[in-house]
Amino acid sequence: MNTDAIPFNKPFRAPGELDNLGEVLASSHVHGDGRFTNAATAKLKQITHAPHALLTTSCTHALELGGLLLELQPGDEVILPSFTFPSPASSVALRGATCVFVDIDDSTGNIDPAAVAEAITEKTKAVVVMHYGGVAADMGPLLDLAAEHCFAIVEDNAHGLGGSWQGRPLGTIGTIGALSFHDTKNVHAGEGGALLLSDDILMMRAEIMREKGTDRARFLRGEVDKYGWQDIGSSYLPSELNAAVLDAQLASFDVIQAGRHRVWDSYARALPAWAQRNGVRQMNVPADREHTAHLFYLRMPTEETRDSFIGHMRQRGIATPFHYVPLGTSPAGSKMGRTPKPCVRSAEFSETVVRLPIWPAMTDDHIARVLDGVTAFVA
Ligand SMILES: *Cc1c(COP(=O)(O)O)cnc(C)c1O
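Remember, predicted model here, so these are calculated numbers, not experimental data.

**Here's the deal with the UniProt feature "modified residue: N6-(pyridoxal phosphate)lysine" (unreviewed entry) in the chain**
As annotated in UniProt, the feature "modified residue: N6-(pyridoxal phosphate)lysine" (unreviewed entry) corresponds to K185 in the numbering used here. Its location among the elements puts K185 in the loop between β8 (176-180) and β9 (193-197). Beyond its immediate stretch of four places on either side in the chain, K185 contacts A158, H159, S180 and H294.

**Here's the deal with the sheet that holds strand β12 (residues 297-299)**
Strands belonging to one sheet form pairs held by backbone hydrogen bonds; the direction of such a pair is parallel or antiparallel. Spatially, the three strands line up as an open sheet ordered β10-β12-β14, and their pairing is antiparallel. Sheet topology places β10 (281-282) and β14 (353-355) at the edges, where each strand pairs with a single neighbour. Bridging between β10 and β12 involves two bridges; their strand directions are antiparallel. By the bridge assignment for β12, R281 is matched with R299.

**Notes on unusual backbone geometry**
Positive phi values are uncommon outside glycine, yet C150 reaches one of about 55 degrees. As for its placement among the helices and strands, C150 is situated in the loop between α6 (139-149) and β5 (152-156). Among the residues examined, C150 registers a relative accessible area of 68% and is labelled exposed. Non-glycine residue A293 carries a positive phi angle of around 55 degrees. Turning to its location among the elements, A293 is positioned in the loop between β11 (289-290) and β12.

**Points about the sheet that holds strand β6 (residues 164-165)**
The strand order across the open sheet built from three strands is β7-β6-β11, with neighbouring strands paired in antiparallel fashion. Every other strand in the sheet has two partners, leaving β7 (168-169) and β11 as the edge strands with one partner each. Pairing between β6 and β7: two bridges, direction antiparallel. Opposite S164, over in β7, you have P169 as the bridge partner.

**What to know about the side chain of T56**
Among the structural elements, T56 can be located in strand β1 (residues 52-56). Within the local environment of T56, its side chain forms a polar contact with the backbone nitrogen of A194, the two atoms lying 3.3 Å apart. If we skip the residues at most four places from it in the chain, T56 touches A62, L65, G192, G193, A194, L195, Y236 and P238.

**A closer look at the environment of T108**
When you line up the elements, T108 lands in the loop between β3 (98-102) and α5 (113-119). As a C-alpha pair, T108 and N284 span 176 residues in sequence and 6.3 Å in three-dimensional space. The residues touching T108, leaving out its near neighbours within four places in the chain, are Y132, N284, P286, R289, Y297 and F349. Of note is the side chain of T108, whose polar atom sits 3.2 Å from the backbone nitrogen of N110.

**Things to note about the layout of surface pockets**
In this structure, the largest pocket occupies an estimated 440 Å³ of space. F85, H182, T184, K185 and Y324 are, among the 25 residues lining the largest pocket, the residues nearest its centre. In the lining of the largest pocket, the residues fall into eight nonpolar, twelve polar and five charged. The space that makes up the second largest pocket amounts to roughly 370 Å³. Lining the second largest pocket are 16 residues, and of these D33, N38, L54, E207 and R221 sit closest to its centre. Residue assignment for the lining of the second largest pocket shows that the elements contributing at least two residues are α2 (35-48), β1, α7 (200-210) and α8 (216-220). Per element, the largest residue contribution to the lining of the second largest pocket is five residues, and it comes from α2. Residues belonging to the lining of the second largest pocket are distributed by class as follows: seven nonpolar, four polar and five charged.

What counts as what
- Residues numbered from 1 in each chain as written.
- Predicted model: local features only at pLDDT ≥ 70, side-chain atom pairs only at ≥ 80, totals over all residues.
- Heavy atoms only, no water.
- UniProt positions renumbered as here; feature names shortened; annotations may be inferred.
- Helix = DSSP H or I, 4+ residues; strand = E, 2+ residues; numbered from the N terminus.
- Contact = heavy atoms within 4.5 Å.
- Pairing = 2+ DSSP bridges.
- Buried < 20%, exposed > 50% of the residue type's maximum accessible area, 1.4 Å probe, protein only.
- Polar contact = N/O pair within 3.5 Å; in protein donor to acceptor, adjacent residues only side chain to side chain.
- 1 Å grid on protein atoms, 1.4 Å probe; cavity = no way out; pocket = protein on both sides within 12 Å on 5 of 7 lines; lining within 4 Å.
- Points joined across faces, edges and corners; volume = space filled by probe spheres on them.
- Nonpolar A, V, L, I, M, F, W, Y, C, P; charged D, E, K, R; others polar.

Pasting the structure below:
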């Protein structure tokens, strides 16, 4: 049996990547918004059914662009889950607005609508939802609250390309959706991201803000005869080199997803008896949601068993990392945000979660070795 180390993730290699890159480098259009940007954007719109999509240099930049579009300013409040990646919080703080951190639903790791309801004030401008592991948040009550209190929903959909909630594609349910194409995500361009929008007016403004505050996109379409400075903005567009890789990856989207689901399903089928014996909870996918197999995680009974599990797997050469130090209690979060109630479930999730290796090209031998390692552990 093979005893090579098993990493947590291996970035997917798509057929066609090198040909696409060669084509860009041999052309005179290597900067952004060329043929591969257009092709990748069309594929993204096909997968998500989003009326509008704009490639960006990262999910973080898509979220920053979202903060500009929502005109966040000092005095505004944005509610976020404490258990998430720092980018959405930083995009709020960059606008001088206040982050309000609330707790998660323990069964999915997603923002808890009841905690959101308690944290709403007249200053609430938006709520950030992150679909953890590609499993949708409980969107029904959040959409009701958004309609009642007139705030925007921002979906940090870094994990959820191709996932759905009650048949609706993730990233298109709220006002603004953000995707990541970092090489740890299902589809990647090394670094990259996208902004999804359904509102035409927001799209017109986003297109300008993404291109240094200019109407260059309209100029390129021949709608104006010169372009100039129209609005605030920055340079959020990726080069054609990134778009070339992304386009090849998106062409393999079904292959990537089938590969990841194969691994996910193997874990999900093999582990229930072991999990029950050891007081371990397996990742939960509610029936009205289609997940993306971005993560396969376990919840260990305690922080101590989680840490010894990671050590046990490491001895077998298998990487099983944990993540997300709660934002509410982080150095920046306690300085720039408010946490109305202690986020006990976020802290507990962060202390007990562990993720198993998952990538599309994992072999049956890799999967068997991971499962051998897991089931040899006694909590
Ligand atoms: C990866 C990730 C991001 C950041 O994505 P980048 O493309 O690296 O900026 C944001 N949010 C979540 C939940 C992520 O997992």
